[in-house]
Amino acid sequence: MRTRKALAVAGAAVASAVGAVALRRRSARSRDRLELYFEDGSLLTIAQGAPEADQLLLHARELLAAAQS
Amino acid sequence: MSVSVKRVPPAADALAHLTEISTQIKAAVVLDREGTVQASTVDDERAGRIASSALELFRQADAQRDQELVQLDAALSGGSVFVVRDEERLIAATTTPGPTAGLVFYDLKSALRSFAEPPKPKPKRAPAKKKAATTRKKKDADA
């Protein structure tokens, strides 16, 4: 009985962890983001919510809207 | 910001080829560093708006670091935006959501290269050589 209870708790914990990871991945994918590639080979990723993201994403959205209009 | 629209005929071929080879690219505009549209796959009015936004986006993104920016992509919910530069021009393109970024960058760079290359001159025919006569003359000289 005790073993069965322990297994149930462990199962719930694993399922919860898997769900949290999946949710986090999904929300990260749906967030708008920019990737900037510089001459020295460095890459800068700016995700929605970062202080410098607003203005850059605004222009990117304008560009996309102009193309789709 | 004002953006003028000027068409250069050979450029249209490169962009037509670009949208032909890449099904992910929906619209593309080539512009110079001042924002003048050189070619596009959309009408002039839309091309001007795309060029204006692309130039502003690229300038602001370039200011993020001391190093010079060479390319960028923005993944948005409705699609993605790509901007690539070479020495003289920028090419801006929009794609469907979730594109293969590496492939799109490759195609855009190829298109930019085709703009930079001067048109190849037609190969001239070399005059036919008269080998037989030369040989005979040499034989005559030997004799």
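Residues numbered from 1 in each chain as written. Chains lettered and ligands numbered in written order. Predicted model: local features only at pLDDT ≥ 70, side-chain atom pairs only at ≥ 80, totals over all residues.

## Observations concerning the overall build of chain B
If you tally the helices and strands in chain B, you get four helices and five strands. Going from N to C terminus, chain B has its helices and strands arranged as α-β-β-α-β-β-β-α-α. Every one of the 143 residues in chain B was classed for burial, and the buried ones make up 38%. Nonlocal contacts in chain B, meaning residues at least 24 apart in sequence, comprise 54% of its contacts between residues at least 6 apart. (Helix = DSSP H or I, 4+ residues; strand = E, 2+ residues; numbered from the N terminus. Buried ≥ 20, exposed ≤ 12 C-beta atoms within 10 Å, placed from the backbone. Contact = placed C-beta atoms within 7 Å.)

## As for helix H2 (residues 53-68) of chain A
Between the first and last C-alpha of H2 of chain A there are 22 Å, a value that for 16 residues agrees with the 22 Å anticipated at 1.5 Å per step. Of the positions making up H2 of chain A, those classed as buried are Leu56, Leu57, His59, Ala60, Leu63, Leu64, Ala66 and Ala67 of chain A. (Expected span 1.5 Å × (residues − 1).)

## A few points about the sheet that holds strand E4 (residues 79-85) of chain B
Spatial ordering of the open sheet is given by E2(A)-E1(A)-E3(B)-E4(B)-E5(B)-E1(B)-E2(B), a layout of seven strands whose pairing is antiparallel. Each edge of the open sheet carries a strand with a single partner, namely strand E2 (43-47) of chain A together with strand E2 (37-40) of chain B. Taken pair by pair, the neighbouring strands of this sheet meet at an average axis angle of 15°, ignoring direction. Pairing analysis gives seven bridges linking strand E1 (residues 25-32) of chain B to strand E5 (residues 89-95) of chain B, with the strands arranged antiparallel. Its bridge partner being in E5 of chain B, Val30 of chain B is matched across the sheet by Ile91 of chain B. Sheet strands touched by helix H2 (residues 44-62) of chain B: strand E1 (33-38) of chain A together with E1, E2, strand E3 (69-76), E4 and E5 of chain B. Its angle to E1 of chain B, the strand with the most contacts, is close to 70°. (Pairing = 2+ DSSP bridges. Axes fitted to C-alpha atoms, helices over the stretch in contact; angles between N-to-C directions.)

## Details of the interface of chain B and chain A
Each partner contributes to the interface: chain B provides 30 residues, whereas chain A provides 26 residues. Secondary structure elements with two or more residues in the side of chain B that touches chain A: E1, H2, E3, E4 and E5 of chain B. With nine residues, the single largest contributor to the side of chain B that touches chain A is H2 of chain B. Residue classes in the side of chain B that touches chain A are distributed as 14 nonpolar, nine polar and seven charged. Where E1 of chain A lies against E3 of chain B, six bridges are found, and the strand directions are antiparallel. Residue pairing across strands places Glu35 of chain A opposite Asp73 of chain B, the latter belonging to E3 of chain B. (Nonpolar A, V, L, I, M, F, W, Y, C, P; charged D, E, K, R; others polar.)

## Comments concerning the pairing of E2 of chain A
Residue and element names in this part refer to chain A. Examined bridge by bridge, E1 and E2 share five bridges and lie antiparallel to one another. Within E2, the residue paired with Tyr37 across the bridge is Leu43. Hairpin connection, E1 to E2: the antiparallel pair is bridged by four residues, and Gly41 has positive phi, about 90°.

## Comments concerning the confidence of the model for chain B
Of the residues in chain B, 73% have a pLDDT of 70 or more, and the chain-wide mean is 83. Both confidence scores are given for the complex: pTM 0.72, ipTM 0.74. (pLDDT = per-residue confidence, 0-100.)

## Some details on helix H3 (residues 101-116) of chain B
Residue and element names in this part refer to chain B. Between its first and last C-alpha, H3 extends 23 Å over 16 residues, near the 22 Å set by a 1.5 Å rise per residue. Within the span of H3, buried status applies to Val104, Asp107, Leu108, Ala111 and Leu112. All buried residues of H3 fall inside an arc of 135° around its axis, so they share one side. Opposite the packed face of H3, turned more than 90 degrees from it, sit the exposed residues Gly102, Arg113 and Ala116. (Arc of directions from axis to C-beta.)

## So, the pairing of E5 of chain B
Residues and elements named next belong to chain B. Among the seven residues of E5, six are classified as buried, and the element is accordingly described as predominantly covered. Here six bridges tie E4 to E5, and the two strands are oriented antiparallel to one another. Within E5, the residue paired with Val84 across the bridge is Ile91. In this antiparallel pair of consecutive strands, E4 and E5, the connection spans three residues.

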